[in-house]
Amino acid sequence: MESVKTGNRIEREEMRVPVMSKYVKALLIKLLRFTVNFSLFIGLVYNEPFSHVLILIVILAPATYLIGDLFILPRFGGTVALLIDAPLIFSGVWAVHVWLGVSLGYGHYFLFSLITIALCVEEFIYHIYMERNVFGMDRPTLTEMINRL
């Protein structure tokens, strides 16, 4: 990495990161986020077995990554991607629980709503990361957006 001195600042040339590693890093970030949220809400709060948490992670993280982040986000933007992610997460969590044979009550639906809200808040920030770092779009950071308010 070469350094170039301009005035009082030292600017460094960015090393080119292979494109595939950007996508893998983004998927790993999503897997980590889903692991934390599902472990916290489903594993700790509802005391469901870790196998249920693992099945949810393995099914929903790649599905939302492929549909919401790789297909919808670059074509239609963050708002549409978020509007697709929310029902996809809620219905996905519900469908996996039905498939696993868990008897669902009102508490489960409230829990699914909390999971969906938590993940959508994170998805908003994650979409900014994807647009800037993976797709190379010139988008403002979250801090810049807040400062404009």
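For the structure itself, look to the data block above.
Residues numbered from 1 in each chain as written. Predicted model: local features only at pLDDT ≥ 70, side-chain atom pairs only at ≥ 80, totals over all residues. Heavy atoms only, no water.

**Structural notes on the side chain of Thr116**
Thought 1: Checked against the element boundaries, Thr116 lands in helix α4 (residues 106-134).
Thought 2: For Thr116, a relative accessible area of 9% puts it in the buried group.
Thought 3: Contacts of Thr116, omitting those with residues within four sequence positions, involve Ala86, Ile89 and Phe90. (Helix = DSSP H or I, 4+ residues; strand = E, 2+ residues; numbered from the N terminus. Buried < 20%, exposed > 50% of the residue type's maximum accessible area, 1.4 Å probe, protein only. Contact = heavy atoms within 4.5 Å.)

**A short note on the packing of helix α2 (residues 50-76) against α4**
Thought 1: Relative orientation of the contacting elements α2 and α4 amounts to 50°, with a least axis distance of 11 Å. Relative to α4, α2 is oriented oblique. Our pair here, α2 against α4, has a crossing hand that is right-handed. Of the residues in α4, those in contact with Tyr65, Asp69, Leu70 and Leu73 of α2 are Glu123, Tyr126, His127, Met130 and Glu131.
Thought 2: Looking at the contact of α2 with α4 residue by residue, the classes come out as five nonpolar, one polar and three charged. (Axes fitted to C-alpha atoms, helices over the stretch in contact; angles between N-to-C directions. Parallel < 35°, antiparallel > 145°, perpendicular 65-115°, else oblique. Left-handed = near helix turned anticlockwise from the far one by under 90°. Nonpolar A, V, L, I, M, F, W, Y, C, P; charged D, E, K, R; others polar.)

**Quick word on the pattern of salt bridges**
Thought 1: Under the defined criterion, the tally for this structure stands at four salt bridges.
Thought 2: We note a salt bridge from Glu122 to Arg33, for which the minimum N-O separation is 3.0 Å. Residue Glu122 is found in helix α4, and its partner Arg33 is found in helix α1 (residues 19-45); the two are separated by 89 residues along the sequence.
Thought 3: You can call Glu122 partly exposed: its relative accessible area is 27%.
Thought 4: Residue class for Arg33 comes out buried when judged on its relative accessible area of 12%.
Thought 5: For Arg33, the salt bridge is made with Glu123, and the minimal N-O distance between the two is 2.8 Å. With a gap of 90 residues between them, Arg33 in helix α1 and Glu123 in helix α4 connect regions that are remote in the sequence.
Thought 6: The class for Glu123 is buried, based on a relative accessible area of 0%. (Salt bridge = Lys/Arg side-chain N within 4 Å of Asp/Glu carboxyl O.)

**Some thoughts on the nonpolar core**
Thought 1: Ranked by internal contacts, the top residues of the largest apolar core, which has 17 residues, are Phe34, Phe38, Ile42, Leu56, Val93 and Ile115.
Thought 2: At the level of secondary structure, the elements contributing two or more residues to this core comprise α1, α2, α3 (78-100) and α4.
Thought 3: Look past the residues within four positions of Ile42 in its chain and what remains in contact with it is Asn37, Asn47, Glu48, Val53, Leu56, Val93, His97, Leu111 and Ile115.
Thought 4: Counting eight residues, the second largest nonpolar core, distinct from the first, contains Tyr65, Ile72, Ala81 and Val134. (Core = buried A, V, L, I, M, F, W, Y, C linked by side-chain atoms within 4.5 Å.)

**Some thoughts on a nonpolar patch on the surface**
Thought 1: On the surface, Leu66, Ile67, Phe71, Phe76, Val80 and Ile84 cluster together into a nonpolar patch covering about 530 Å² of accessible area.
Thought 2: Counting residues per element, the ones that place at least two in the nonpolar patch are α2 and α3.
Thought 3: Here the element with the most residues in the nonpolar patch is α2; it accounts for four residues.
Thought 4: Following the sequence through the fold, Val80 ends up in helix α3. (Patch = residues over 30% accessible without salt bridge, like charges linked within 9 Å, V, L, I, M, F, W, Y side chains within 5 Å. Areas by Shrake-Rupley, 256 points an atom, 1.4 Å probe, with all protein chains shown as cover.)

**Details of the packing of α2 against α3**
Thought 1: At a closest axis distance of 9 Å, the pairing of α2 and α3 adopts a crossing angle of 160°. By the angle between their directions, the pair α2 and α3 is classed as roughly antiparallel. Along this stretch, α2 crosses α3, giving a crossing that reads as right-handed.
Thought 2: Of the residues that constitute the contact of α2 with α3, the class distribution is 18 nonpolar, six polar and two charged.

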